Amino acid sequence: MVKKIGIVSLSSGVLGESFIKHELKIGVDRLNKYGIEVEFLPNALKGMDFIKEHPESRAKDLIEAFKDDSIDMILCAIGGVDTYKLLPYLFENNELKRHVKQKIFLGFSDTTKNHFMLGKVGIKTFYGQAFLPDICELSNEMLPYTKKYFEELITTGKIKEIRPSEFWYKEREDFSENSIGVDMEKYKNTGFELLCGKPVFRGKILGGCINTIYDIFDNSRFEDTVSLCKKYDLFPSLKEWKNKILLLETSENKPEPKLYRKMIGALKDYGIFDVLSGVLVGKPQDEVYYEEYKQILLEEIGDKDLSVVYNINVGHATPRCIIPFGVEAKVDVDKQVITFDN
């Protein structure tokens, strides 16, 4: 049972800005109602400019959260764009390896790179939700599907299985105080969809936001992502990917099909689709480019006899489940369930 959560800002520092104070209060109150004590690590609330300019402070917060034995769970505030800048501060003197111990770590989006960092030092992590987008949801309650998985994680420390959500929600455009208590528009959801390959397959899951992963191969967003990620071997080798399941989901930027094809192409060129046991693909936000992405996946990897499952409720499309990384999973599309051997 989680008694204390440490909140870290490893990418964007938006949590420290005054315009989201109402959201922050909702989130803290919700966690307190579960009997959970909330601690913001020393730099988590210092705002966007400070966080952007001080990757060393973000790294320090992560190390502190692992060192502090009173913290049972590390929860990321939100995603962002540049958490790769933490690499030197976490790996140069084996800093991360010296201080990590197994505890719950939850985040998504740009946090994908933090999941890779922690995976390198043997920590099993959880992907799919974060403090600001999920716990601070402006409706009167957290979204029921999201809440179910969050409650399972804080009470049992693991996730047993994932099934599709009955609904999906249109993303909010207004996050001001006017939206407090306003429900999100919801639509009937379809289940997990098998695009190609066998309906049943196994493996440990790893991956995350494809936009973030693409930066490891491409310098168009930051000129040093490729060199830094290479220097610290951030992306696992093909040997390490063997028989794993790759999770991919798209960001709120809703990449155009041309860019999506490029991103899938970069992974294809790396050779990853030749060694995996399967691919899980998150629902695109607001179902934008839903059919186009599907077509691209089939055209780019449909010939590899690889199982590709589409429309998982994780990452940037609400509601969100939580996917454990580093534990054996069994995907069964016929039964519409993903189970985990914890």
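Starting from 1, residues in each chain are numbered consecutively following that chain's sequence as written. Local features in a predicted model are, by the rule used here, given only for residues with pLDDT of at least 70; side-chain atom pairs are given and counted only at 80 or more, and totals for whole chains, interfaces and linings are based on all residues. Heavy atoms from the whole structure form the basis of all side-chain values; hydrogens and water molecules are not counted.

**Some words on the pairing of strand E13 (residues 307-312)**
Across a regular strand the side chains alternate sides, sitting on one face of the sheet and then on the other. Worth spelling out the cut-off: The buried label applies to any residue whose accessible area, calculated with a 1.4 Å probe on protein chains only, is under 20% of its type's maximum; exposed applies above 50%, and partly exposed to all values in between. Helical segments are the DSSP runs of H or I of at least four residues, strand segments are the runs of E of at least two, and each set is numbered from the N terminus. For two strands to be treated as a pair, DSSP must find no fewer than two bridges joining them. Note on handedness: a clockwise path from strand one over the helix to strand two, with the strands aimed away from the viewer, defines a right-handed crossover.
In terms of burial, E13 is a largely internal element, six of the six residues being buried. Relative to E13, strand E9 (residues 193-196) is paired through three bridges, and the arrangement is antiparallel. Bridge pairing in E13 links Glu 193 to Tyr 310. As paired elements, strand E12 (residues 278-282) and E13 share five bridges and run parallel to each other. For Val 279, the partnering residue across the bridge sits in E13 and is Val 308. With helix H13 (residues 290-301) bridging E12 and its parallel neighbour E13, the resulting β-α-β unit is right-handed.

**Focus on unusual backbone geometry**
Of note, the amide linkage connecting Thr 318 to Pro 319 takes the cis form, showing an omega dihedral of 0°. Among the secondary structure elements, Pro 319 is positioned in the loop between E13 and strand E14 (323-324). One non-glycine residue, Asp 305, lies in the positive phi region at around 60°. Relative to the helices and strands, Asp 305 resides in the loop between H13 and E13.

**Quick word on the UniProt feature "domain: LD-carboxypeptidase C-terminal" (unreviewed entry) in the protein**
Inclusion rule: UniProt positions are given in the numbering used here, feature names are shortened, and annotations may be inferred rather than shown by experiment.
UniProt feature "domain: LD-carboxypeptidase C-terminal" (unreviewed entry): in the numbering of this structure it lies at residues 202-331. Measuring from the first to the last C-alpha atom of residues 202-331 gives 6 Å, for a span that is 32% helix and 23% strand.

**Side note on the sheet that holds E14**
What counts here: Whether two residues are in contact is decided by their heavy atoms: any pair within 4.5 Å suffices. Axis definition: a line fit to C-alpha positions, over the contact stretch in the case of helices; interaxial angles, taken between N-to-C directions, run 0 to 180 degrees.
If you trace the six strands from one edge of the open sheet to the other, you get E2-E1-E3-E4-E5-E14, paired in mixed fashion. The open sheet has two free edges, formed respectively by strand E2 (37-40) and E14, since each of these has just one partner strand. Note that strand E5 (residues 126-127) and E14 share two bridges and pair antiparallel. Across the sheet, Phe 126 pairs through a bridge with Pro 324, a residue of E14. With respect to the sheet, helix H6 (residues 112-120) is in contact with strand E4 (104-107) and E5, its orientation differing from that of E4 by roughly 155°.

**Topic: the environment of Phe 131**
Tracing the backbone through its elements, the reader meets Phe 131 in helix H7 (residues 131-135). On the basis of relative accessible area, Phe 131 is assigned to the buried category, the value being 0%. Placed 131 residues apart in sequence, Phe 131 and Lys 262 show a C-alpha to C-alpha distance of 31 Å. The residues contacting Phe 131, other than those within four sequence positions of it, are Ile 7, Leu 15, Leu 24, Gly 27, Val 28, Leu 31, Phe 40, Leu 75, Cys 76, Ala 77 and Cys 136.

**Some thoughts on the nonpolar core**
Nonpolar side chains in soluble globular proteins generally cluster together in the buried interior. What counts is decided by this rule: Remark: nonpolar core denotes a set of buried residues (Ala, Val, Leu, Ile, Met, Phe, Trp, Tyr, Cys) joined through side-chain atoms within 4.5 Å.
Formed by 111 residues in total, the largest nonpolar core has its most connected members in Met 73, Leu 96, Phe 131, Ile 162, Phe 273, Leu 280 and Ile 323. With residues up to four places along the chain from it excluded, the contact list for Met 73 reads Val 2, Lys 4, Ile 5, Gly 6, Ile 104, Leu 106, Phe 150, Leu 153 and Ile 154.

**Observations concerning the UniProt feature "domain: LD-carboxypeptidase N-terminal" (unreviewed entry) in the protein**
Following the UniProt record, the feature "domain: LD-carboxypeptidase N-terminal" (unreviewed entry) maps to residues 5-128 here. Helix makes up 41% of residues 5-128 and strand 15%. Its end C-alpha atoms lie 17 Å apart.

**Side note on H6**
Burial within H6 is extensive, with seven of its nine residues counted as buried. For H6, the full list of buried residues reads Thr 112, Lys 113, Asn 114, His 115, Phe 116, Met 117 and Leu 118. Remark: Gly 122 follows H6 within two positions and exhibits a positive phi of approximately 85°.

**Structural notes on helix H8 (residues 144-156)**
Under the convention used in this document: A helix's residues, less one, multiplied by 1.5 Å, set its expected span.
Across its 13 residues, H8 extends 18 Å between first and last C-alpha, which sits within 8% of the 18 Å expected from 1.5 Å per residue. Regarding H8, the residues found buried are Tyr 145, Thr 146, Tyr 149, Phe 150, Glu 152, Leu 153 and Ile 154. Trailing H8 by a residue or two, Gly 157 shows a phi angle of about 80°, which is positive.

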